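# Structural features, examined
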Amino acid sequence: MVNRDKLKKAYAEELELFHKLHPTSIKNFENAKDCLLQGVPLNWMVRYAGGIPLTVKDARGVHLTDADGIDYIDFCLGDTGSMVGHSPEPFVEAMADIVKHGTSHMLPTEDATWNARELTRRFGVKYWQFSTSATDANRFAIRLARQITKRPKVVVFNWCYHGTVDETIATLTPEGDIISRLGNIGPQIDPSYTTKVIEWNDVEALENALKDEDVAVVMAEPVMTNIGIVHPAPGYHEKLRELTRKYGTYLLIDETHTICCGIGGYTREKGLDPDIVVCGKTLAGGIPVGVYGFTEEFAQKAEAELVALYGLVKGIGGTLAANAITMAAMHVILDKVLTEDFYKHAIPLAERFNAGVEAGIKEFGFDWSTTQLGTRTEYWFLPEVAKDGTDAVNHRDFDLDWYMHLYALNRGIFMTPFHNMAIMSAATSEADVDRHTEVFREACEKIAD
Ligand SMILES: Cc1ncc(COP(=O)(O)O)c(C=O)c1O
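Residues numbered from 1 in each chain as written. Predicted model: local features only at pLDDT ≥ 70, side-chain atom pairs only at ≥ 80, totals over all residues. Heavy atoms only, no water.

## Points about the pairing of strand β11 (residues 276–280)
Taking burial as the measure, the five residues of β11 include five buried ones, the bulk of the element. Burial of β11 is two-sided: the residues I276, V278 and G280 facing one way and the residues V277 and C279 facing the other way are all buried. Summarising the sheet, strand β10 (residues 250–254) and β11 pair through three bridges and their orientation is parallel. Directly across from L252, in β11, lies its bridge partner I276. A crossover connection joins β10 to the parallel β11 through helix α8 (residues 265–270); in handedness this β-α-β unit is right-handed. (Buried < 20%, exposed > 50% of the residue type's maximum accessible area, 1.4 Å probe, protein only. Helix = DSSP H or I, 4+ residues; strand = E, 2+ residues; numbered from the N terminus. Pairing = 2+ DSSP bridges. Right-handed = clockwise from strand over helix to strand, strands pointing away.)

## Notes on the site of the ligand
For the ligand, the set of nearby residues contains 13 residues, the closest of which are T135, N226, D254, H257 and K281. Contact distances for the ligand include 2.5 Å between an oxygen atom and a side-chain N or O atom of T135. Between the ligand and K281 there is a distance of 2.7 Å, counted from an oxygen atom to a side-chain nitrogen or oxygen. Considered on its own, the ligand offers 390 Å² of accessible surface; in the complex 85% of this is hidden by protein. By residue number, the principal contributor to the shell around the ligand is helix α5 (residues 134–149), which donates three residues. (Near = heavy atom within 4 Å. Polar contact = N/O pair within 3.5 Å; in protein donor to acceptor, adjacent residues only side chain to side chain. Areas by Shrake-Rupley, 256 points an atom, 1.4 Å probe, with all protein chains shown as cover.)

## Topic: the sheet that holds strand β1 (residues 56–60)
As summarised here, the arrangement of the four strands in space is β1-β2-β3-β15, forming an open sheet in which the pairing is mixed. Strand pairing shows two members of the sheet lacking a second neighbour, β1 and β15 (413–414), which therefore form its edges. Where strand β2 (residues 63–66) meets strand β3 (residues 71–74), three bridges bridge the pair, whose relative direction is antiparallel. By the bridge assignment for β3, T65 is matched with D71.

Right under this line is the structure:
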């Protein structure tokens, strides 16, 4: 069991050590407070363990160096944005070349067509569009689905995350009411006008949500990843497909994180058959990108709508979407980096990482568990992995979370914030993983009863 007194003391010690080790990052943070809101370029960065983000000086492969000259093994990898590793060589060369030829001219380049065909090979759906983020890809896909179906609503899963898309930032109360998610800044209009929220893996709730035939699209990560990894129950995906078809609702599978499963995400691995696929993040090696693709049937209907609107399409776009540099980045990443070989190297490392964590948990008798999804792995402070979003949320333990993160950080290991998740890359080595195992064990030893 975890000894809470020891945990409190150990966290205080780690915080002190963090301050001792990072004078430059702390100075940079304080210094930025008169020009960046709360001293950070993006508000959630104040929520890193220790309350202060490291200032990055350099990142190559899976190693980060901070402004104090400390080296970290990066298991966060930009929360998938840099799953391919920081600045892989072919990407560096392609980027150095493309910037000599203009980066953004609001015209297509040949890379866009190559990328679309490659995405089709990977994910199955035939027609593609690009955006500057996966958030935008989701937003635009929702718009097309609404335009085609003339239905107002979307279905999402409780505690999901699909980017900052208003329709999706909604949760269920214990009484089953739909509310704006706690902490949603400047909340949208009452989300129950736009959204039905149901629990993951609940087939009955799914059918109830669809049977009024007012839902344009169900949006699902094929495995929930943003409240921790929550796998689908056996047969759930089949039901999801069957019921969305039965009630004439489109099925959108968001592969932005589950691209960790293989070159075509979970969709390809499990032979899913969605109407719409969304992805982004690592597809362009960390250059901002989103993609949304759809079936022939969806494309024909979308095209008919676009023709009827005389091309006066508003609400979908972005000046920089599909710009030359993003398209060149995606081309080289898909062609040379995010290949079958990438996953052959990275997935066994995730298994090794998990085994190391499980050994530590067992040695100290903690009632924690681990779960893995392709190159992504994490541990939980509950005896069995969660079955849905509510189960996951009810078992969060912020004290333990911050301690484990900070203990690792102070020993050169950078984990993904907000949950104890690690991502492997082609550049990750067995030695990197074993270093984590060692540090994890030490962290457990300090707080064990
Ligand atoms: C499943 C999923 N979809 C979409 C997004 C949004 O991605 P972006 O921040 O690139 O817009 C995220 C971000 O974490 C995500 O996890």
